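# Coordinate analysis (summary)
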Amino acid sequence: MSSCAERRPRRSLIRRTAAVAAAGTAVAALLSAAPATSAAAAARDSADARTALAAPDISVANVKAHLTQLQSIATANGGNRAHGRPGYKASLDYIKGKLDAAGYTTTVQQFTSGGATGYNLIADWPGGDTSNVVFSGAHLDSVSAGPGINDNGSGSAGILETALAVARQGAKPTKHLRFAWWGAEELGMVGSRFYVNNLPSSERAKIDGYLNFDMIGSPNPGYFVYDDDPGIESVFKAFFSAKGVPTEIETEGDGRSDHAPFKNVGIPVGGLFSGADYIKTAAQAQKWGGTSGQAFDRCYHRSCDTTSNIDDTALDRNSDAIAYAVWTLGGA
């Protein structure tokens, strides 16, 4: 998350989210009403319907394996994955290779900041209505002080594993799914701003919502949900409510991450956050566990932001929440 956001009215995602749920109910009703040739066929059809409608349980082990790779890349490249440094490009190449092998259409977008070349990676899952795009993103760069495993290897790995789950399931969402890994966020959302500013207005209008994931595995975690768009917000809150995990509205990162350029041009945004250098209160520690009087992430923007700086439970819950939102909003 950068240490460094108004919106034109658009249709909320609430109605569209409700439509996805209604569609699932209708499919179940049709299956129960249709005569089956055999009990086995009926059971198989019902199982197929559930598979098509249910979001997968994202493997936290797989997410952590990506973090281990990002740590190794940083270690081999001066201890960081910062803009303009070889560790950043190596990180992008790692993620691009995974996505290419999974069947995504990937695009690398170049920009310049501070005299150095930066890169955004955009990945599109084939199919779905390209006039209705559900867009998930995370910044891939670290600060120069450290490897940036929570900030923001965690969000980058979470959306990568979600994207790979889409491919593994052979998902055929109603809407078009797009994922992005942004460069130079730590310099002031440079990469995402470049992308949005160079996106024609006709293409901006096709984005139903942008979901941002910047720090989702903080070691002393909170569970914060962006409140920018009520439809997107309600999806994340529904997920955590079903898990019995209380949430709070995200305020620490307002305007400080890659949702800001999207929000500024009127695109509905939402996302998750587990906390940075703000201090966890006693009430929050009682609600979520952890240690009051300490930062959510004591290694924020420091060299100790390594693979040891991750809370597995927060990483697991938030990765599952990403998949739930993508499947729900995308009609996967």
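Residues numbered from 1 in each chain as written. Predicted model: local features only at pLDDT ≥ 70, side-chain atom pairs only at ≥ 80, totals over all residues. Heavy atoms only, no water.

### As for the overall build of the chain
Along the backbone of the chain there are 11 helices and eight strands. Residues classed as buried in the chain amount to 54% of the 332 residues present. Only carbon and sulfur atoms are counted for the fraction: they give 53% of the accessible area of the chain, which is about 13,000 Å². (Helix = DSSP H or I, 4+ residues; strand = E, 2+ residues; numbered from the N terminus. Buried < 20%, exposed > 50% of the residue type's maximum accessible area, 1.4 Å probe, protein only. Areas by Shrake-Rupley, 256 points an atom, 1.4 Å probe, with all protein chains shown as cover.)

### Section: the packing of aromatic side chains
Each aromatic ring pair is characterised by the separation of its centres together with the angle its planes make. Across all of its chains, the model carries 20 aromatic pairs by this definition. The interplanar angle of 40° and the centroid separation of 6.1 Å between the aromatic rings of Phe-224 and Phe-273 together place this pair among those described as tilted. Pair noted here: Phe-224 is in strand β6 (residues 224-225) and Phe-273 is in strand β8 (residues 269-273), with a separation of 49 residues, a long-range link. Of the two residues, Phe-224 and Phe-273, neither departs from the other in class, the shared state being buried. Chaining the aromatic ring pairs together yields one cluster made of Tyr-223, Phe-224, Phe-239, Phe-240, Phe-273, Trp-288, Phe-296 and Tyr-324. Sitting over the face of the ring of Tyr-119, Lys-89 holds its NZ or CZ atom 5.4 Å from the ring centroid. (Phe/Tyr/Trp six-rings, centres within 6.5 Å; stacked < 30°, edge-to-face > 60°. Lys NZ or Arg CZ within 6 Å of the ring centre and 35° of its normal.)

### Topic: the sheet that holds strand β2 (residues 116-124)
Across the sheet, eight strands lie side by side as β1-β2-β4-β3-β5-β8-β6-β7; this open sheet has mixed pairing. Among the strands making up the open sheet, the edge pair consists of β1 (105-113) and β7 (248-249). When strand β3 (residues 129-139) meets strand β4 (residues 175-182), the two strands line up parallel, connected through eight bridges. Paired with Asp-129 across the bridge in β4 is Lys-175. Lying on the sheet, helix α8 (residues 230-242) is in contact with β5 (207-213), β6, β7 and β8; it crosses β8 at an angle near 30°. (Pairing = 2+ DSSP bridges. Contact = heavy atoms within 4.5 Å. Axes fitted to C-alpha atoms, helices over the stretch in contact; angles between N-to-C directions.)

### Side note on unusual backbone geometry
The linkage connecting Asp-151 with the following residue, Asn-152, adopts the cis geometry, with an omega of 5°. By the secondary structure assignment, Asn-152 is in helix α5 (residues 149-169). Although it is not a glycine, Met-189 sits at a positive phi angle of roughly 55°. Along the chain, Met-189 turns up in the loop between β4 and α6 (190-197).

### Some remarks on the packing of helix α4 (residues 86-102) against α5
Interhelical geometry of α4 versus α5 gives an angle of 10° and a closest axis separation of 10 Å. Accordingly, the angle class assigned to the pair α4 and α5 is roughly parallel. Contacts from Tyr-94, Ile-95, Lys-98, Leu-99 and Ala-102 of α4 reach α5 at Leu-160, Ala-163, Leu-164 and Ala-167. Tallied by class, residues from the contact of α4 with α5 come to eight nonpolar, no polar and one charged. (Parallel < 35°, antiparallel > 145°, perpendicular 65-115°, else oblique. Nonpolar A, V, L, I, M, F, W, Y, C, P; charged D, E, K, R; others polar.)

### A few points about the pairing of β1
For a regular strand, the rule is simple: side chains alternate between the two faces of the sheet. In this sheet, β2 lies alongside β1 in antiparallel orientation, the contact comprising nine bridges. Counted as the bridge partner of Gln-109 is Asn-120 from β2. Between β1 and β2, which pair antiparallel one after the other, the connecting turn spans two residues, and Gly-114 there sits at a positive phi close to 60°.

### A few points about the confidence of the model for the chain
Model confidence for the chain is summarised by a mean pLDDT of 88, while 85% of its residues fall at 70 or above. Between residues 4-52, whose pLDDT stays under 50, and residues either more than four places distant or in other chains, the model counts 56 contacts. (pLDDT = per-residue confidence, 0-100.)

### A closer look at the state of the cysteines
The final tally for this structure, using the stated rule, is one disulfide. One disulfide bridge connects Cys-299 with Cys-304, the sulfur atoms lying 2.1 Å from each other. Classification of the bridge connecting Cys-299 and Cys-304 rests on its S-S torsion, roughly -115°, and on that basis the disulfide is left-handed. The exposure class assigned to Cys-304 is partly exposed, which follows from its relative accessible area of 26%. (Disulfide = S-S within 2.5 Å.)

### Details of the pairing of β2
Counting buried positions over the nine residues of β2 gives seven, a clear majority of the element. Direction of pairing for β2 relative to β4: antiparallel, over a ladder of four bridges. Bridged to Ala-123 within β4 is Phe-179.

### Structural notes on helix α3 (residues 60-76)
The terminal C-alpha atoms of α3 lie 24 Å apart, and with 17 residues this matches the ideal 24 Å at 1.5 Å per residue to within 8%. Buried-residue contacts for α3 involve α4, α5 and α11 (312-330). With its phi angle positive at about 80°, Gly-78 sits one or two positions after the end of α3. (Expected span 1.5 Å × (residues − 1).)

### What to know about the side chain of Asp-320
Locating Asp-320 in the fold gives a position in helix α11. Despite its burial, Asp-320 pairs with no opposite charge; the closest candidate is Lys-243, at 5.4 Å N-O. Sequence-distant contacts of Asp-320, defined by excluding residues within four places in its chain, comprise Pro-56, Asp-57, Ile-58 and Phe-239. (Lys, Arg positive; Asp, Glu negative; His and termini not counted. Salt bridge = Lys/Arg side-chain N within 4 Å of Asp/Glu carboxyl O.)

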